[in-house]
Amino acid sequence: MAKFKIMEKTGVTVKLLESPHRKVNNTSRFEDFARHIEKFPGGEVLITSVENLFAWARSKSPWDLTFGLACCAIELMHTHGPVFDAERIGAILRATPRQADVMVVAGTVTIKMAPRLRRLYEQMADPKWVIALGSCAISGDHYRNVYSVVPGVDQIVPVDVYVPGCPPTPEGLINAFMQLAEIIEKEWKQRMGVKK
Ligand code: SF4
């Protein structure tokens, strides 16, 4: 087993296993690699766990389900259009729940639509999050007392972030994606027992 320092400034020590069949000079190979990386401006070698890497990737890529129920869906489309370009913060629309992390409920939820909405939510892989976009999704708003409307999508699926307004703004939805990134990071830290 070879033991060596990767970088003096991080002071991290790493153990690499050597194959019993093939002697490899891991130490010099890894040190060479670290030396090359350090030559890049701001280049550093980072060591982390797979869980940490996945949590970071999830917080930076909230892929959302293509799913619109009423006029708020126009705001969702606008957020993903060229002006607001949600892709720059990693939010990409997916046309299938199997590849989506976030359900953005954009519009009025009717009682007829509620079971379909729930089914799509269940078809999304864990972990998953929900953003309620606009006052209709949040509470039913103008249609709250109409016999066919659900007075708030949180009666159907758990909501993580609420974006108020009628109509809500694309800036509000961008902000919701950024809040979601903080929530994902916080959830991971709680799970791993990280204090800061
Ligand atoms: S909140 Fe306003 S814009 Fe959004 S679905 Fe309801 S009525 Fe339409």
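Residues numbered from 1 in each chain as written. Predicted model: local features only at pLDDT ≥ 70, side-chain atom pairs only at ≥ 80, totals over all residues.

Taken residue by residue, helix α3 (residues 72-80) has Cys72, Glu75, Leu76, Thr79 and His80 as its buried positions. Down the axis of α3, the smallest arc covering the buried residues is 135°, so these residues share one side. (Buried ≥ 20, exposed ≤ 12 C-beta atoms within 10 Å, placed from the backbone. Helix = DSSP H or I, 4+ residues; strand = E, 2+ residues; numbered from the N terminus. Arc of directions from axis to C-beta.)

Taken together, Ala70, Cys71, Cys72, Gly107, Thr108, Gly134, Ser135, Cys136, Asp141, Cys166 and Pro167 make up all the residues around the ligand. Grouping the amino acids of the shell around the ligand by side-chain chemistry returns six nonpolar, four polar and one charged. (Near = placed C-beta within 6 Å. Nonpolar A, V, L, I, M, F, W, Y, C, P; charged D, E, K, R; others polar.)

Turning to the confidence of the model for the chain, a few remarks are in order. Here the chain averages 83 in pLDDT, and 82% of its residues register 70 or above. When pLDDT is averaged over each element of the chain, helix α4 (residues 114-123) comes out on top at 96 and strand β1 (residues 2-5) at the bottom at 39. Within the model, pLDDT remains below 50 along residues 1-19, and this stretch shows 29 contacts once partners closer than five positions in the same chain are excluded. (pLDDT = per-residue confidence, 0-100. Contact = placed C-beta atoms within 7 Å.)

Met103, Val105, Ile131, Ala132, Leu133 and Ala137 are the most contacted members of the largest nonpolar core, which totals 38 residues. The contact partners of isoleucine 131, leaving out residues within four places of it in the chain, are Val102, Val104, Asp160, Val161, Val163, Ala176 and Leu180. (Core = buried A, V, L, I, M, F, W, Y, C linked by C-beta atoms within 7 Å.)

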